[in-house]
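Chain and residue survey
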Amino acid sequence: MTETINIAVFPVAGFGTRFLPVTKASPKEMLPVVDKPLIQYAVEEAYAAGIRTMVFVTGRNKWSITEHYDVAYELENELEQRGKDEFLKIVREIKPGDMQVVYIRQELALGLGHAVLCARPIVRDRPFAVLLADDLLYNDGKPVMQQMVEVYNKHQQGVLGVQEVPQEHTKRYGIITEGARINEQVCTVEAIVEKPDPADAPSREAVIGRYILPGQIMGILADTKPGAGGEIQLTDAIEALVKEKTLLAYRYEGTRYDCGDKLGYLQANVEMGLRHPELGEGFAEYLAQR
Ligand code: G1P
């Protein structure tokens, strides 16, 4: 039986320590890139891939994410009364009518694997996507999750989004060992290891914050012990999974901004600002003059 991907999990409970002080009271997922919060880019990417159930695994201090995806009745009413249709449209487009949002509370920050496991009551045994909002992926044609869903649909196997990184950066990512190459962009995953030292890294193919996983991963996560950094790692569960089931790595088409890092975040703002339909031209002029 073929299954479609209709659920996306967004782990949003992290402290955002690297962005202090701004993340002391505000979630890092609500940091704006130009005029939209990071979480909205990720949700829009999932929606464009046909996904309609968005599961936020949330924690303390994250109420503004919930507000962002709620109906802002007073605001909408005010905009309607004043005939500000353009703004009303912007507000209403955040959550299209056919999109369902589910919130699950991760009470303890035990790691990415634990966050994903928290979504088990919703996901059950179905295949699902995971999107990490601090990886902002830009493609002016087909959004990356849509590309990955197409790979999934074709092969009916889980898919990890990967990109080649410099050797000295392997310590920041899950790094895969390539198995059989299917085509230039797709190969099977032989093994995966979380954040290896450059000297020990099996390759430079790094997992970025986009995954399509079989529901089976949930049972594995439930048995996964803390790994790197003392956290329950999604990577460790994937390593156990690939011993049982074929998983694919997909070199996506697009540009990634690491918005979990202050420099990457600034780069995202500059480049998305330059691409912005209303601001781009003026912003480019400003940058050229200074
Ligand atoms: C997480 C994962 C890592 C992955 C990375 C992608 O790490 O644990 O395997 O490569 O996301 O952004 P984090 O960036 O949360 O430390």
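This section reports on the structure supplied with the text. These numbers come from a predicted model, not from an experiment.

All right, on to the overall build of the protein chain then. Counting secondary structure elements, the protein chain contains 11 helices and 13 strands. The C-alpha radius of gyration computed for the protein chain amounts to 19 Å, which stays within 12% of the reference 19 Å derived for 290 residues, consistent with globular compactness. When the backbone C-alpha atoms are referred to their principal axes, the protein chain occupies close to 60 × 45 × 40 Å. Put simply, the protein chain has 290 residues, and 48% of those count as buried. Put simply, of all contacts in the protein chain between residues at least 6 apart along the chain, 75% involve residues at least 24 apart. Element-wise, carbon and sulfur atoms account for 50% of the exposed surface of the protein chain, whose accessible area totals about 14800 Å².

Another point: the pairing of strand β9 (residues 174-181). Summarising the sheet, β9 and strand β10 (residues 186-194) pair through six bridges and their orientation is antiparallel. Paired with Ile175 across the bridge in β10 is Val193. The loop that links β9 with its antiparallel partner β10 comprises four residues.

This part is about a negative patch on the surface. Together, Asp35, Asp85, Glu86 and Glu278 make up a negatively charged patch on the protein surface. For Glu278, the location among the structural elements is in the loop between α10 (262-275) and α11 (280-289).

This part covers the packing of aromatic side chains. If you walk through the whole model with that rule in mind, you get five aromatic pairs. Measuring from centroid to centroid gives 5.4 Å for Phe10 and Phe56, while their planes differ by 55°, and the two rings are tilted. Highlighted residues: Phe10 in strand β1 (residues 7-11) and Phe56 in strand β4 (residues 53-58), separated in sequence by 46 residues. On the basis of relative accessible area, Phe56 is assigned to the buried category, the value being 0%. Arranged with centres 6.4 Å apart and planes meeting at 10°, the rings of Phe283 and Tyr286 form a pair that is stacked. Of the two residues, Phe283 and Tyr286 both sit in helix α11, three residues apart, roughly one turn of that helix. Assessed through its relative accessible area of 25%, Phe283 is described here as partly exposed. Taking relative accessible area as the criterion, Tyr286 reaches 46% and is therefore assigned partly exposed. Connected via pairs of aromatic rings, a cluster forms that spans Phe10, Phe56, Tyr69 and Tyr103.

With respect to the helices, strands and loops of the structure, Asn183 is situated in the loop between β9 and β10. A relative accessible area of 34% means that Asn183 is categorised as partly exposed. Considered as a pair, Asn183 and Lys24 are 159 residues apart in the sequence and their alpha carbons are 45 Å apart. At 2.8 Å, the side chain of Asn183 and the backbone nitrogen of Val186 are in polar contact.

Attention now goes to the environment of Leu112. Mapping Leu112 onto the fold places it in helix α5 (residues 112-118). Sequence separation between Leu112 and Thr53 is 59 residues; the distance between their C-alpha atoms is 20 Å. With sequence-adjacent residues up to four places away left out, Leu112 is seen in contact with Pro11, Leu132, Tyr211, Ile232 and Leu234.

Two elements in contact, α10 and α11, have axes separated by 6 Å at closest approach and are oriented at 125°. One element, α10, and the other, α11, form an angle in the oblique class. Of α11, the residues touching α10 (which contributes Asn269, Val270, Gly273 and Leu274) are Gly280, Phe283, Ala284 and Leu287. Tallied by class, residues from the contact of α10 with α11 come to five nonpolar, three polar and no charged.

On inspection of all chains with the given rule, the structure shows 19 salt bridges. The salt bridge involving Asp98 is made with Arg52; its shortest N-O contact spans 3.1 Å. With Asp98 in the loop between α4 (85-93) and β5 (100-105) and Arg52 in the loop between α1 (38-48) and β4, this pair connects stretches of sequence that are 46 residues apart. A residue is classified by how much of its surface remains accessible, and Asp98, at 43% relative accessible area, is partly exposed.

With that settled, the discussion passes to unusual backbone geometry. The peptide bond linking Leu20 to Pro21 adopts the cis configuration, its omega dihedral lying at 10°. Despite not being glycine, Val34 has its phi angle at roughly 60°, a positive value.

Rules used in this analysis
- Residues numbered from 1 in each chain as written.
- Predicted model: local features only at pLDDT ≥ 70, side-chain atom pairs only at ≥ 80, totals over all residues.
- Heavy atoms only, no water.
- Helix = DSSP H or I, 4+ residues; strand = E, 2+ residues; numbered from the N terminus.
- Rg over C-alpha atoms; globule rule 2.2 N^0.38 Å.
- Buried < 20%, exposed > 50% of the residue type's maximum accessible area, 1.4 Å probe, protein only.
- Contact = heavy atoms within 4.5 Å.
- Areas by Shrake-Rupley, 256 points an atom, 1.4 Å probe, with all protein chains shown as cover.
- Pairing = 2+ DSSP bridges.
- Patch = residues over 30% accessible without salt bridge, like charges linked within 9 Å, V, L, I, M, F, W, Y side chains within 5 Å.
- Salt bridge = Lys/Arg side-chain N within 4 Å of Asp/Glu carboxyl O.
- Lys, Arg positive; Asp, Glu negative; His and termini not counted.
- Charge placed at Lys NZ, Arg CZ, Asp CG, Glu CD.
- Phe/Tyr/Trp six-rings, centres within 6.5 Å; stacked < 30°, edge-to-face > 60°.
- Polar contact = N/O pair within 3.5 Å; in protein donor to acceptor, adjacent residues only side chain to side chain.
- Axes fitted to C-alpha atoms, helices over the stretch in contact; angles between N-to-C directions.
- Parallel < 35°, antiparallel > 145°, perpendicular 65-115°, else oblique.
- Nonpolar A, V, L, I, M, F, W, Y, C, P; charged D, E, K, R; others polar.

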